[in-house]
Amino acid sequence: MKVTNAIAQILKKEGIEFLIGYPVNPIIEGAAEADIRTIMVRQERIGLHMCDAVAKVTSGDKIGVFVMQHGPGTENAFGGVAQSYGDSCPVVVLPAGYARNINQVHPNFSAALNFRHVTKLCEQVTVADATVETLRRAFTTVKNGRPGPVLVEFPTDILREEVSDALVAEYQKTPQLKSGPDPRSVSQIAEALVAAKRPVIVAGQGIHYAKAWPQLKALAELVEAPVMTTLPGKSAFPENHPLSLGSGGIGIGAHLWHFLQNTDFIFGIGCSFTRTSFGTAMPKGKKIAHATLDPYAINKDIAVDLAAVGDAGLTLDALLEEVKDRLKGKPRDRAAAVAREIAGHREEWLGKWKHRLTSDSAPISPYRVVWDLLHTVDVKNTIITHDAGSPRDQISPFWVSETPLSYLGWGKTTQLGYGLGIAMGAKLAAPDKLCINFWGDAAIGFTGMDFETAVRERLPILSILSNNFSMAIELKVMPVSTEKYRSTDISGNYADFAKALGGYGERVTEPGQIKDAIKRGIQKTKEGTPALLEFITEKATDVSRFP
């Protein structure tokens, strides 16, 4: 059979249900012939973002596959692959490449050469019969170890060649494997957790990929320790739980800041402790234990006293046994006092922000939009994501996630417009959920045309757009260019834009209209129509930031 058909057969064996891409790549036709749903986007980056969400929502059980044209299509896709790499998302990327007789000739772009620093594995198939073994390596790599993208480039002339039917028939679905931590490391961390007077647990998105939500909750309740999540780990621990400190990031709650400053032991599980402007820094001088899947992350950005390497679920299983043994299976009656301390600081903090969250002013406070959205949707049946900049910092501290994978946070690399693809991919993976992206007028300028993809591909998402006619987060850092040249001014009627693309659009200017508009938007998604609600908001620059 032709290489394109061989690839399609292997994708089916790997359980791939849909192929996301942009023409021209012959693999698209091969997939369609094999009854794999083909989804075409308006730009390469958004398709890769959709693939990210497929993995996020399914904890890596489903892998998004993206294909694109050789040359400019591959060049355009670089940012999307870099986002997958920075955000640790398992994605398989299958670009076409220039034919072998010219693929090393300047200025022809080679994916195999240029994507090496943003992929876990990056190969080019140079003979047709290598197709099967190369894809076997790619799928094994993408399913195991720290999540991340893999790329296999197929020169266009190879895609037209023949590969042995027998070779394809021998292909078997690749395994998804887990490895556990060294028992000695677990014992040391357990001893430190039990000895700590004021421990804090920091949970990252490794909890999501390991589906270790019950173990995390059990450990927190056993050692009576408050839990903060990283932004990518948000919703790994129920934020309506008395021991929840909410999520880290730029915007955080006072209760989280208080406990981090006053802890005597920090235990990071399923996180990387990456030093980033978009995360919450660990305070200096604290004893820290770090349990993660990737040994490279240990001591990468912060020095740690104890460490363990392994799957977050297996690590927590082992740790629970060790801690139970030391505590004789019972907590030490600290939980009520810890919960009261959390609640006291949280309520005082919320009290200071209540005027912003419930403001009746117009233009509308973006915090009022967040607050009314939180109190209108069915939170347990909703998957929500933020976008970069102000939307991220405004929603993450105040959105209370109750169930795993109901909030898809991100932020080590912050490409504007990422949230739209995440919401679309989430709807693809979880069609029964209300999928929302909360974004701003800067973000829609990057990826807004793919709202048409949501319409065309029958992905009825809800877009909540905060329009303040400005790059508000940049106002404080661009005062001269703003004053002289209005460099931060942007504008548009995005509700009309959504209508023009075949969706539902509504512009809201008064705070009293917010909840009813949200209800109308939700109803439209239930009817199968993507909806965009445009809220005219103030140029807010205030963020719940500490210190």
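This is a predicted model, so every value here is computed, not measured.

A. Representation of the packing of helix 12 (residues 254–262) against helix 14 (residues 335–357) within the structure. Here helix 12 crosses helix 14 at 135°, and the two axes come no closer than 7 Å. Compared by their axis directions, helix 12 and helix 14 come out oblique. For the pair helix 12 and helix 14, the contacting residues are Ala 254, His 255, His 258 and Phe 259 in the first and Val 338, Glu 341, Ile 342, His 345, Arg 346 and Trp 349 in the second. A per-class count over the contact of helix 12 with helix 14 returns five nonpolar, three polar and two charged.

B. Fine view of the sheet that holds strand 3 (residues 64–68). In space, the six strands of this open sheet follow the order 2-1-3-4-6-5, with parallel pairing throughout. Pairing within the sheet leaves two strands with one partner each, and these edge strands are strand 2 (37–40) and strand 5 (121–124). When strand polarity is set aside, the average angle formed by the axes of neighbouring strands in this sheet is 20°. Here four bridges tie strand 1 (residues 18–21) to strand 2, and the two strands are oriented parallel to one another.

C. Quick look at the nonpolar core. The biggest cluster of nonpolar side chains holds 54 residues, and the ones touching the most others in it are Ile 201, Ile 207, Leu 219, Phe 267 and Ile 269. Ile 201 has contacts with Leu 216, Leu 219, Ala 220, Val 223, Ala 225, Pro 226, Val 227, Met 228, Phe 267 and Ile 269, leaving out every residue within four places of it along the chain. Counting residues in hydrophobic clusters, the runner-up holds 52 residues, among them Met 50, Phe 115, Leu 151 and Ala 454.

D. How the structure looks around the packing of helix 15 (residues 366–374) against helix 22 (residues 514–526). Running from N to C, helix 15 and helix 22 cross one another at 55°; their axes reach a closest spacing of 9 Å. Judged by the inter-axis angle, helix 15 sits oblique to helix 22. The crossing of helix 15 and helix 22 is right-handed. Along the contact surface, helix 15 presents Arg 368, Val 369, Asp 372 and Leu 373, while helix 22 presents Ile 514, Lys 515 and Ile 518. Grouping the amino acids of the contact of helix 15 with helix 22 by side-chain chemistry returns four nonpolar, no polar and three charged.

E. Molecular detail of the sheet that holds strand 7 (residues 199–203). Strands sit in the order 9-8-7-10-11-12 across an open sheet of six strands; the sheet is parallel. What marks the edges here is a single partner per strand, and that holds for strand 9 (244–247) and strand 12 (306–309). Within the sheet, the average angular offset between the axes of one strand and its neighbour, ignoring direction, is 15°. Of the strand pairs in this sheet, strand 7 and strand 10 (residues 265–269) are connected by five bridges, and their pairing is parallel. Within strand 10, the residue paired with Ala 203 across the bridge is Ile 269. The strands touched by helix 13 (residues 312–327) within the sheet are strand 10 and strand 11 (287–292), with strand 10 carrying the most contacts at an inclination of about 135°.

Criteria and thresholds
- Residues numbered from 1 in each chain as written.
- Predicted model: local features only at pLDDT ≥ 70, side-chain atom pairs only at ≥ 80, totals over all residues.
- Heavy atoms only, no water.
- Axes fitted to C-alpha atoms, helices over the stretch in contact; angles between N-to-C directions.
- Helix = DSSP H or I, 4+ residues; strand = E, 2+ residues; numbered from the N terminus.
- Parallel < 35°, antiparallel > 145°, perpendicular 65-115°, else oblique.
- Contact = heavy atoms within 4.5 Å.
- Nonpolar A, V, L, I, M, F, W, Y, C, P; charged D, E, K, R; others polar.
- Pairing = 2+ DSSP bridges.
- Core = buried A, V, L, I, M, F, W, Y, C linked by side-chain atoms within 4.5 Å.
- Buried < 20%, exposed > 50% of the residue type's maximum accessible area, 1.4 Å probe, protein only.
- Left-handed = near helix turned anticlockwise from the far one by under 90°.

Note that every value here comes from positions in space, so none of it alone points to a role or purpose.
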